[in-house]
Amino acid sequence: MSRLEVRGLSVSYGGLVAVDAVDLDVGDGAIVGLIGPNGAGKTTCIDAVCGFVGASGHVRLDGRALDGLPPHARARAGLVRTFQSVELFDDLTVRENLLVAAAPTRWWSLLADALAPRRTRVDVDWALDALGLRDAGDARPRELPAGARRLVGLARAIVSRPRVVLLDEPAAGLDPSESTALGERLRALPALGISVLLVDHDMHLVLGVCEEVTVLDFGQVIARGTPAEVRADPAVARAYLGTTR
Ligand code: ATP
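Residues numbered from 1 in each chain as written. Predicted model: local features only at pLDDT ≥ 70, side-chain atom pairs only at ≥ 80, totals over all residues. Heavy atoms only, no water.

Chemist: Any chance you could break down the site of the ligand for me, citing the residues and the numbers?
Modeler: Looking at the ligand, there are 14 residues lining it, with Gly 39, Lys 42, Thr 43, Thr 44 and His 201 nearest. Interatomic distance of 2.5 Å between a side-chain N/O atom of Thr 44 and an oxygen atom of the ligand. Contact with the protein chains covers 61% of the free accessible surface of the ligand, which is 630 Å². Among the detected pockets, the ligand sits in the second largest pocket. Tallying contributions element by element places helix H1 (residues 42–49) first for the shell around the ligand, with three residues. Residues of the shell around the ligand, tallied by class, amount to five nonpolar, seven polar and two charged. (Near = heavy atom within 4 Å. Polar contact = N/O pair within 3.5 Å; in protein donor to acceptor, adjacent residues only side chain to side chain. Areas by Shrake-Rupley, 256 points an atom, 1.4 Å probe, with all protein chains shown as cover. 1 Å grid on protein atoms, 1.4 Å probe; cavity = no way out; pocket = protein on both sides within 12 Å on 5 of 7 lines; lining within 4 Å. Sits in = over half its atoms within 2 Å of the grid points. Helix = DSSP H or I, 4+ residues; strand = E, 2+ residues; numbered from the N terminus. Nonpolar A, V, L, I, M, F, W, Y, C, P; charged D, E, K, R; others polar.)

Put into structure tokens, the structure is as follows:
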């Protein structure tokens, strides 16, 4: 059984079908890539899977249907995402940025944390360790290089120990060495219990860390396979020709 199972996902904006009957699976311990030219529908897919835009089709996490649930309920179920722009609180430390994300929003969570106060702290330390940020915990995000700031955004996403994290262009703006370092951190996530769906234009990153890649064009799946299969697929080459990247 897939950890994340997406079936027949479709999103329309007026007359434009941005995502067209997309199926996706992210298994236990998997890092799956989702690529495609500009405007192919990748971000809309993430938006729809996480409940940020209305969609038809089905999303299941560990076999449980999430259809119709708002984003925070999907996050609580273990499905979280990052956004293309990392909005960190520059006046807070890295550790505080993660604590804000982990802060309980319901009175019963406050009560549970009062009874077991170590849990949140332990998860923050765990997330910092997972991404090699332990030494940066007391720094302000603006004091860190771009690659480390991106990792803080990722740490904030995983601080609740999600089942699946969906990453929207985490390597955008990073230089090749920062992207390589990010790839190393992503590779370690499955062993920590987190499966990954990775959207990025950095082919070196995506084809380097993903065992399976799905290719979208005009909202439709045009190819799916191992990085080698996708690299060799003429339909993929055609989709990328004529784009600016
Ligand atoms: P990129 O790689 O450039 O980020 P993408 O593959 O993530 O692109 P989307 O941003 O999902 O593509 O966009 C898919 C299509 O839906 C595009 O044609 C885009 O213009 C359109 N679109 C996206 N968001 C909206 C919106 N809120 N309203 C109308 N059209 C939208």
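Chemist: Can you tell me about the packing of aromatic side chains, naming the residues and giving the values?
Modeler: Per the counting criterion, the structure on display carries one aromatic pair. Judged by centre distance (5.5 Å) and plane angle (85°), the ring pair of Phe 52 and Phe 83 falls under edge-to-face. Residue Phe 52 is found in the loop between H1 and strand E4 (56–61), and its partner Phe 83 is found in the loop between strand E6 (79–81) and helix H3 (94–102); the two are separated by 31 residues along the sequence. Phe 83 gets classed as partly exposed once you look at its relative accessible area, which sits at 43%. Arg 81 extends its terminal NZ or CZ atom over the ring of Phe 83, reaching a point 3.9 Å from the ring centre. Here Arg 161 stacks its cationic end above the ring of Trp 126, 4.1 Å away from the centre of that ring. (Phe/Tyr/Trp six-rings, centres within 6.5 Å; stacked < 30°, edge-to-face > 60°. Buried < 20%, exposed > 50% of the residue type's maximum accessible area, 1.4 Å probe, protein only. Lys NZ or Arg CZ within 6 Å of the ring centre and 35° of its normal.)

Chemist: Can you break down the packing of helix H6 (residues 146–158) against helix H7 (residues 176–188) residue by residue, with the values?
Modeler: Helix-helix packing is characterised by the crossing angle of the two axes and by the distance between the axes. At a minimum axis separation of 9 Å, H6 and H7 run at an interaxial angle of 25°. Taken together, the axis directions place H6 and H7 in an arrangement best described as roughly parallel. Both H6 and H7 take part in a crossing whose hand is right-handed. The segment H6 lies against H7, with Ala 146, Gly 147, Leu 151 and Leu 154 engaging Glu 178, Leu 182, Arg 185 and Leu 186. Of the residues belonging to the contact of H6 with H7, the class tally is five nonpolar, one polar and two charged. (Axes fitted to C-alpha atoms, helices over the stretch in contact; angles between N-to-C directions. Parallel < 35°, antiparallel > 145°, perpendicular 65-115°, else oblique. Left-handed = near helix turned anticlockwise from the far one by under 90°. Contact = heavy atoms within 4.5 Å.)

Chemist: Give me the lowdown on the pairing of strand E1 (residues 4–13), citing residues and values where you can.
Modeler: Two elements, E1 and strand E2 (residues 16–26), share seven bridges in a ladder whose sense is antiparallel. Paired with Glu 5 across the two strands is Asp 25, which belongs to E2. Hairpin connection between E1 and E2: a loop of two residues separates the two successive antiparallel strands, and Gly 14 in this loop has a positive phi of roughly 60°. Inspection of the sheet shows E1 paired to E4 by five bridges, in the antiparallel sense. Across the sheet, Arg 7 pairs through a bridge with His 58, a residue of E4. (Pairing = 2+ DSSP bridges.)

Chemist: So what's going on with the pattern of salt bridges? Residues and values would help.
Modeler: Enumeration according to the criterion identifies twelve salt bridges in this entry. When the shortest N-O distance is used, the salt bridge between Asp 168 and Arg 81 registers 3.9 Å. In this pair, Asp 168 sits in strand E7 (residues 164–168) while Arg 81 sits in strand E6, placing the two residues 87 residues apart along the sequence. The residues Asp 168 and Arg 81 share a single accessibility class, namely buried. Asp 129 is the partner of Arg 134 in a salt bridge, and the nearest nitrogen-oxygen pair spans 2.8 Å. The class of Arg 134 is partly exposed, set by a relative accessible area of 41%. One salt-bridge network, held together by shared partners, links Arg 3, Asp 28, Asp 62 and Arg 163. (Salt bridge = Lys/Arg side-chain N within 4 Å of Asp/Glu carboxyl O.)

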